[in-house]
Amino acid sequence: MNIGLFGYGKMGKMIEQIAQQRGHSIVAKVDVGTKEADYSKMDVAIDFSTPDAAYQNIITCFENKVPVISGTTGWLERYAEAVKHCQEKKGAFIYASNFSLGVNLFFELNEQLASMMSKLEQYSVSMEEIHHTQKLDAPSGTAITLAEGIIEHSSYKTWKSETADEKSIPITSKREGAVAGTHIVSYESEVDKIEIKHVAHNRKGFALGAVIAAEWIQGKTGVFSMKDVLNLS
Ligand SMILES: NC(=O)C1=CN([C@@H]2O[C@H](COP(=O)(O)OP(=O)(O)OC[C@H]3O[C@@H](n4cnc5c(N)ncnc54)[C@H](OP(=O)(O)O)[C@@H]3O)[C@@H](O)[C@H]2O)C=CC1
Ligand SMILES: O=C(O)C1=N[C@H](C(=O)O)C[C@H](O)C1
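Small disclaimer: the values here were computed from a predicted structure and weren't measured. (Residues numbered from 1 in each chain as written. Chains lettered and ligands numbered in written order. Predicted model: local features only at pLDDT ≥ 70, side-chain atom pairs only at ≥ 80, totals over all residues. Heavy atoms only, no water.)

Trainee: Where do I start with the site of ligand 1 in this structure?
Mentor: Residues in close proximity to ligand 1 total 23 residues, the closest being Lys10, Met11, Asp31, Thr73 and Lys135. At 3.5 Å, a backbone N or O of Gly7 approaches a nitrogen atom of ligand 1. Backbone polar atom of Ser97 to a nitrogen atom of ligand 1: 3.0 Å apart, as the coordinates give it. A total of 920 Å² of accessible area belongs to ligand 1 in isolation, and the protein chains cover 76% of it. Within the shell around ligand 1, the residues separate by chemical class into nine nonpolar, 10 polar and four charged. (Near = heavy atom within 4 Å. Polar contact = N/O pair within 3.5 Å; in protein donor to acceptor, adjacent residues only side chain to side chain. Areas by Shrake-Rupley, 256 points an atom, 1.4 Å probe, with all protein chains shown as cover. Nonpolar A, V, L, I, M, F, W, Y, C, P; charged D, E, K, R; others polar.)

Structural data, given as structure tokens:
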């Protein structure tokens with residue numbers, strides 16, 4: 001598979017390593033200063049760029065008939081537009097706030113727990129995410145997906161950073177050192193606390209998941225998710 005990398009930062013470099021180990025070639029590295037890219041050589045584009053850059057990168061790939069895997073967070077207010085564009089162009093697209101197998105299992109566990117906890121009014125839910133100090137967006141994309149999973153299975157209506165009323169899920173964002181990504185969902189009552197926690201030890205799991213998604217999307221048309229790739233639920 002010939003891969004075009006959009007964003008050649010921490011994730012772009014990790015994806016290059018994993019892709020090459022799996023026998024793929026990197027045919028383009030599109031970063032902030034890149035003037036031109038040869039889309040005709042790309043079987044797939046993998047975008048891990050910035051919140052400001054992702055949407056345009058994705059649309060340009062659809063225009064050039066290149067399937068897109070995007071893991072960039074913080075641009076999701078334009079996700080519906082990107083989906084529409086993909087459908088109009090009969091393209092192929094997967095966005096995931098987190099590509100790691102572990103976090104995708106954690107998403108499933110979170111939804112099952114939310115469903116059980118929705119019957120118990122004495123517990124209040126809250127969330128904490130911890131990432132490295134270079135992260136541009138907060139809360140993390142993963143925390144937003146977790147909150148959406150809880151909202152789908154409970155009476156919570158929305159999420160909010162830090163402080164919240166009883167109808168919204170409070171999310172605390174911490175930025176510390178080089179933390180790859182930690183997410184904690186807590187349910188607290190007057191008498192006890194239940195927590196589920198995912199800790200990424202490094203970025204390899206995110207990169208491997210993105211490369212597996214790129215392999216999976218070959219020859220397909222449409223908008224998919226990691227649930228489709230991993231055959232979950
Ligand atoms: N879904 C998932 O599993 C994961 C998602 N992420 C997300 O991926 C994104 C990237 O993370 P990370 O690699 O750590 O960040 P980095 O800051 O290390 O890398 C981002 C890169 O994108 C470059 N860039 C800026 N503008 C453009 C542009 N117009 N086109 C292409 N590239 C551009 C930056 O260049 P410059 O530095 O010169 O500005 C930088 O090299 C973030 O949104 C992060 O939240 C991260 C890990 C896992
Ligand atoms: O910026 C990061 O590093 C990460 N971003 C993603 C997010 O916002 O959830 C995924 C992972 O937690 C690492």
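Trainee: Even after reading the chapter, I still don't get the site of ligand 2, so can you show me in this structure?
Mentor: With respect to spatial proximity, 13 residues lie near ligand 2, and among them His131, His132, Lys135, Gly141 and Thr142 are the closest. Here His131 contributes a side-chain N or O atom positioned 2.6 Å from an oxygen atom of ligand 2. At 2.7 Å, a side-chain N or O of Lys135 approaches an oxygen atom of ligand 2. Compared with its free state, where it exposes 320 Å², ligand 2 has 86% of that area covered by protein. For the shell around ligand 2, the per-class residue count stands at two nonpolar, nine polar and two charged. Counting the residues that make up the shell around ligand 2, at least three belong to each of domain 1 (2-99 + 204-229) and domain 2 (101-199). (Domains from an automatic or database assignment.)

Trainee: Mind showing me how you'd approach the packing of aromatic side chains here?
Mentor: The relation between two aromatic rings is expressed through the spacing of the ring centres and the mutual angle of the planes. The tally for this structure, following the rule as stated, stands at eight aromatic pairs. For the ring pair Phe62 and Phe93, a centre distance of 5.4 Å and an interplane angle of 85° mean the geometry is edge-to-face. Taken together, the positions of Phe62 in helix H2 (residues 54-63) and Phe93 in strand S5 (residues 92-95) put the pair 31 residues apart, joining distant regions of the chain. Comparing Phe62 with Phe93, the two get one shared label, buried. Aromatic pair Tyr79 and Phe93: ring centres 6.1 Å apart, planes at 35°, arrangement tilted. Of the two residues, Tyr79 sits in helix H3 (residues 79-88) while Phe93 sits in strand S5, which places them 14 residues apart along the sequence. A relative accessible area of 26% places Tyr79 in the partly exposed class. Its relative accessible area of 0% is what places Phe93 among the buried residues. One aromatic cluster is present, built from ring pairs that chain together Phe62, Trp75, Tyr79, Phe93 and Tyr95. Above the plane of the ring of Tyr8 lies Lys13, whose end atom (NZ or CZ) is 4.8 Å from the centre. The aromatic ring of Trp216 is capped on one face by Lys220, whose charged end is 4.1 Å from the ring centroid. (Phe/Tyr/Trp six-rings, centres within 6.5 Å; stacked < 30°, edge-to-face > 60°. Helix = DSSP H or I, 4+ residues; strand = E, 2+ residues; numbered from the N terminus. Buried < 20%, exposed > 50% of the residue type's maximum accessible area, 1.4 Å probe, protein only. Lys NZ or Arg CZ within 6 Å of the ring centre and 35° of its normal.)

Trainee: Please explain the domain arrangement of the protein chain as it appears in this structure.
Mentor: How big an interface is tends to be stated in terms of the accessible area lost upon association of its parts. What the domain assignment lists for the protein chain is domain 1 (2-99 + 204-229) and domain 2 (101-199). A C-alpha centroid distance of 26 Å is found between domain 1 and domain 2. Taken together, the 11 residues of domain 1 in the interface contact 15 residues of domain 2. Summing the contributions of domain 1 and of domain 2, the shared interface buries around 920 Å²; its carbon and sulfur component is 46%. In this assembly, domain 1 and domain 2 are joined by two salt bridges. Residues Glu111 and Lys227 are paired through a salt bridge, measuring 3.6 Å at the closest nitrogen-oxygen approach. Between domain 1 and domain 2 we count eight residue pairs in polar contact (both at pLDDT 80 or more) in total. In the side of domain 1 that touches domain 2, the residues fall into four nonpolar, five polar and two charged. (Contact = heavy atoms within 4.5 Å. Buried area = accessible area lost by both parts, 1.4 Å probe. Salt bridge = Lys/Arg side-chain N within 4 Å of Asp/Glu carboxyl O.)

Trainee: Help me out: how do you make sense of the pairing of strand S10 (residues 193-199) in this one?
Mentor: For a regular strand, the rule is simple: side chains alternate between the two faces of the sheet. Of the pairings in the sheet, the one linking strand S9 (residues 182-188) to S10 comprises seven bridges and is antiparallel in character. Note that in S10 the partner of Val185 across the bridge is Ile196. What sits between the antiparallel neighbours S9 and S10 is a turn of four residues. (Pairing = 2+ DSSP bridges.)

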